[in-house]
Amino acid sequence: MTNQRDKTHNDRTQHSHHHHQEPVNHERHRHADEHRDHHAHEGHNHGGHGGHGHHGHHEHGNMVKDFKKRFYISLFVTIPILIMSPMIQSFIGVDWQVPYNQYILFVLASFIFFYGGWPFITGGLSELKEKNPGMMTLIGLAILVAYVYSSLTVFGLEGKDFFWELATLIDIMLLGHWIEMRSVMGASNALEELVKLMPSEAHRLDENDEVQDVAVSDLRNNDRVLVKPGEKIPVDGTIINGKSAIDESMLTGESVPVEKYKGDEVIGGSVNKEGSLTIQVEKTGEDSYLSQVITLVKEAQESRSRTQDITNKAAKWLFYVALAAGFITLFIWLILGYSFDVALERMVTVMVITCPHALGLAAPLVIAVSTSISAKHGLLIRNRANFEGARNLNAVVFDKTGTLTKGEFGVTNIVPAERYNEEEVISWAASLEQNSEHPIATGIVKSAKEKGIKLKKISDFESITGKGIQGVINGKKVNVVSPGYVTGQNMTYDEKLFNEMSEEGKTVVFVLLDDELAGMIALADIVRETAKEAIAALKENNIHSIMLTGDNKKVANWVAKQLDMDEVYAEVLPDQKADQVKKIKEKGWKVAMTGDGVNDAPALATADLGIAIGAGTDVAMETADVVLVKSNPKDVVSLIDLSRKTYRKMIQNLWWATGYNILAIPLAAGVLAPIGIVLSPAVGAVLMSLSTIIVAINAKLLKA
């Protein structure tokens, strides 16, 4: 493979615009079809809530609004219920008699039960259908029992009603769900975003070479399409006329725009930088490269098993405990000879108390706090379950371009020839390059500006095929040319040093003054300082760092050496990235993937935790579980740290929330009745409020 590439590369450099970068080998894009079968669908375990990260964005937004509305309306109706409840009245020592008190309470409570409680009843039913009771079933059971029993007491059954308990339980659970859903950003506009990458219109040429603007969907194979400079290429095809540098970094991860000539293939969605191109359409619709990436992302998202919250597990246990404790209580009180009314009241008290209000807030409050902490630190958390799993990571896979490196050229070496110094070489080169749009030019000009070098005035600027560029500055002829040109002119230069720099994957250009060599300038994709710190911090945590890139081996190894990374996989095609992540997962490791391009999207979706670098593409961000807004690889480390702290807080909160139950259930069941202590529902209410307050305060204590 490498020899083949080197050969193409050498032929190419002869007529390239001072460009020593290896072109993408187009064999690559052909095996996109072979990946289809390996996405087995691991069971869809939809956690009762918060679990489905991948509903449509609108749907999610509407659900958040719906919970909010239900919460406020229910809260409003709860106020009269509290004022009219005999239990609350006796608690504050008043006795306000309202005519038809019971019936008004019944109507208000019925409204709250059916309006506010409906999501829990339906949620509980669907959990039971899946034979997997959780939070929804537990809440559903408690509100159903409280409502039915209280209604019976209105219409003749002996006993006290639990309307206020019912109303407050529904309010707090609605609040918990609303907080939770608001902090889980709606996931998955990924596919809409990918589709946006595709231009919707194309300039089709008819038989007389007249341009017609048509919708991309109307293009057929073998149509000819004109692509102007700066436009996106509408479909996969072959260049039949023109040449240009094409930026494919979003799609392939190749850091440098690739020079393309007649006969080369181009990918739909990539950006045409310089020249005008005429393209013959090769693949449309389903077959195009981008469509295949879309399919991959879709498959990876669907096949990802959804981790259920710990809260759901706790809720599941409490559901069984509530049922068992309720019936045991009923039977024991009946066996002891009490009337059915008394036994039933005990049973209902136990069942209602078993559903802790605090449990509904235990996780959401911690989630809300950790989400706001993470947002301050520039981490956007989109998939909670996967973020919580980050505490167990064994390996972090990094994409190179744009993640570990800045994705832009910077000058790494300036090698002046005899009689010249570094400043002169960069000054002449930058003065000549200041008019060029090429990424290499941008890198050279930026470097000169950083050194505080003033650029000279230029006249007669021109780009000469095979020679690079040339211009006249201060009466001297200045050229910046490719290695091919220098070799062709038999000029002598330090070949050993040149080869060393090329081995490291650097792009080398030569600066000539009046046809005499003034020096060489080597450029490479600049490594981020923060990446070094991030890798070092991961090492301290015994987390393996791996680089996965579509770029060539030399470049990848050079970057990895600078960063001291554990493993490198280079020349990996976008559709193979996801497979590579799978292979690492097969070791039994928990893997995070960090990337910024469309080509990383399938791998981000396959990894246990997908982390997108904020400066990247919308697609990468949409497939990721976490987005690093500041594009700082070091944030990966703070992310793992925050995940560990968040998890600890949640466990503490669950103990606080359920600890109250462990205490209250036997008391409510009447264990201490023989010595005259029966937990009155009012005291139960106080204990319940206490545990809710403790949980809220504990969540607020979470610090990054």
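Residues numbered from 1 in each chain as written. Predicted model: local features only at pLDDT ≥ 70, side-chain atom pairs only at ≥ 80, totals over all residues. Heavy atoms only, no water.

A. Layout of unusual backbone geometry. Non-glycine residue Lys131 carries a positive phi angle of around 55 degrees. A positive phi angle, near 55 degrees, is found at Asp460, a position not held by glycine. By the element assignment, Asp460 lies in strand E13 (residues 458–464). A relative accessible area of 57% places Asp460 in the exposed class. (Helix = DSSP H or I, 4+ residues; strand = E, 2+ residues; numbered from the N terminus. Buried < 20%, exposed > 50% of the residue type's maximum accessible area, 1.4 Å probe, protein only.)

B. View of the environment of Arg220. Summarising the element assignment, Arg220 is placed in the loop between strand E2 (211–215) and strand E3 (224–227). Among all residues touching Arg220, those that are not within four sequence positions of it are Val281 and Thr284. (Contact = heavy atoms within 4.5 Å.)

C. Quick look at the UniProt feature "transmembrane region" (unreviewed entry) in the protein chain. Here the UniProt-annotated "transmembrane region" (unreviewed entry) positions come out as residues 71–94, 100–121, 133–150, 162–179, 317–336, 348–375, 654–677 and 683–702. The annotated region residues 100–121 carries 86% helix and 0% strand content, and the separation between its end C-alpha atoms amounts to 29 Å. (UniProt positions renumbered as here; feature names shortened; annotations may be inferred.)

D. The arrangement of the pairing of E3 in detail. Burial of the side chains of E3 is restricted to one face: Val225 and Val227 are buried, whereas none of Arg224 and Leu226 on the reverse face is. Sheet analysis places strand E1 (residues 201–205) next to E3, joined by three bridges and oriented antiparallel. The residue bridging His203 from the neighbouring strand is Leu226, located in E3. Sheet analysis places E3 next to strand E9 (residues 277–283), joined by four bridges and oriented antiparallel. (Pairing = 2+ DSSP bridges.)

E. Seen up close, the pairing of strand E16 (residues 507–513). Summarising burial for E16: seven of the seven residues are buried, a large majority. Burial along E16 is two-sided: the residues Thr507, Val509, Val511 and Leu513 and Val508, Phe510 and Leu512 are all buried. Judged from the four bridges that link them, strand E15 (residues 476–481) and E16 form a sheet pairing that is antiparallel. Following the sheet pairing, Val478 is matched in E16 by Leu513. Pairing of E16 with strand E17 (residues 516–527), which is carried by seven bridges, proceeds in the antiparallel orientation. Residue pairing across strands places Phe510 opposite Met520, the latter belonging to E17. In this antiparallel pair of consecutive strands, E16 and E17, the connection spans two residues, and Asp514 shows a positive phi of 45 degrees.

F. Examining the sheet that holds E2 more closely. Read across the sheet, six strands follow the order E2-E1-E3-E9-E4-E7 without closing on themselves; strand pairing throughout is antiparallel. A single partner strand is all that each edge strand has here, and the edge strands are E2 and strand E7 (265–266).

G. Looking closely at the sheet that holds strand E6 (residues 258–260). Strand order in the open sheet formed by three strands is E6-E5-E8, and the pairing between neighbours is antiparallel. The open sheet has two edge strands with one neighbour each: E6 and strand E8 (271–272). Alignment of strand E5 (residues 244–247) against E6, held across three bridges, turns out to be antiparallel. Residue pairing for E6: Ala245 is matched across the bridge by Glu259.

H. Molecular detail of the packing of helix H6 (residues 135–154) against helix H12 (residues 340–354). In contact at an axis separation of 9 Å, H6 and H12 are set at 150 degrees when each is read in the N-to-C sense. As summarised for this structure, H6 and H12 are arranged roughly antiparallel, according to the angle between their axes. The handedness of the crossing between H6 and H12 comes out as left-handed. Contacts from Leu141, Ala142, Val145, Ala146 and Tyr149 in H6 reach Asp341, Leu344, Glu345, Val348, Met351 and Val352 in H12. Residue composition of the contact of H6 with H12, grouped by class: nine nonpolar, no polar and two charged. (Axes fitted to C-alpha atoms, helices over the stretch in contact; angles between N-to-C directions. Parallel < 35°, antiparallel > 145°, perpendicular 65-115°, else oblique. Left-handed = near helix turned anticlockwise from the far one by under 90°. Nonpolar A, V, L, I, M, F, W, Y, C, P; charged D, E, K, R; others polar.)

I. Representation of a nonpolar patch on the surface within the structure. A cluster of nonpolar side chains, namely Phe327, Phe331, Leu334, Ile335 and Phe340, defines an oily patch on the protein surface of about 520 Å² accessible area. The element best represented in the nonpolar patch is helix H11 (residues 310–335), accounting for four residues. Looking at the secondary structure, you find Phe327 in helix H11. (Patch = residues over 30% accessible without salt bridge, like charges linked within 9 Å, V, L, I, M, F, W, Y side chains within 5 Å. Areas by Shrake-Rupley, 256 points an atom, 1.4 Å probe, with all protein chains shown as cover. Salt bridge = Lys/Arg side-chain N within 4 Å of Asp/Glu carboxyl O.)

J. Fine view of the packing of H12 against helix H25 (residues 635–669). The geometry of H12 relative to H25 is characterised by a closest axis approach of 9 Å and an angle of 175 degrees between their N-to-C directions. In terms of orientation, H12 and H25 fall into the roughly antiparallel class. Where H12 approaches H25, its residues Arg346, Thr349, Val350, Ile353 and Thr354 are matched on the opposing element by Tyr660, Asn661, Ala664, Ile665, Leu667, Ala668 and Ala669. Its residues assigned to classes, the contact of H12 with H25 comprises eight nonpolar, three polar and one charged.

K. Inspection of the environment of Tyr485 at higher detail. With respect to the secondary-structure elements, Tyr485 resides in helix H18 (residues 483–488). A sequence separation of 24 residues divides Tyr485 from Val509, and the C-alpha atoms of the two residues are 9.9 Å apart.

L. Here's a closer look at the packing of aromatic side chains. In total, this model carries 14 aromatic pairs according to the counting rule given. The interplanar angle of 50 degrees and the centroid separation of 6.0 Å between the aromatic rings of Tyr103 and Phe155 together place this pair among those described as tilted. Of this pair, Tyr103 sits in helix H4 (residues 101–115) while Phe155 is found in the loop between H6 and helix H7 (163–183), placing the two residues 52 residues apart along the sequence. Given the relative accessible area of 41%, Tyr103 is considered partly exposed. Ring-pair connections join several aromatic residues into one group, and the members of that group are Tyr103, Phe106, Phe113, Phe114, Tyr147 and Phe155. Geometry around Tyr115 places Arg70 over its ring, the cationic atom sitting 5.1 Å from the centre. Arg391 extends its terminal NZ or CZ atom over the ring of Tyr647, reaching a point 3.3 Å from the ring centre. (Phe/Tyr/Trp six-rings, centres within 6.5 Å; stacked < 30°, edge-to-face > 60°. Lys NZ or Arg CZ within 6 Å of the ring centre and 35° of its normal.)

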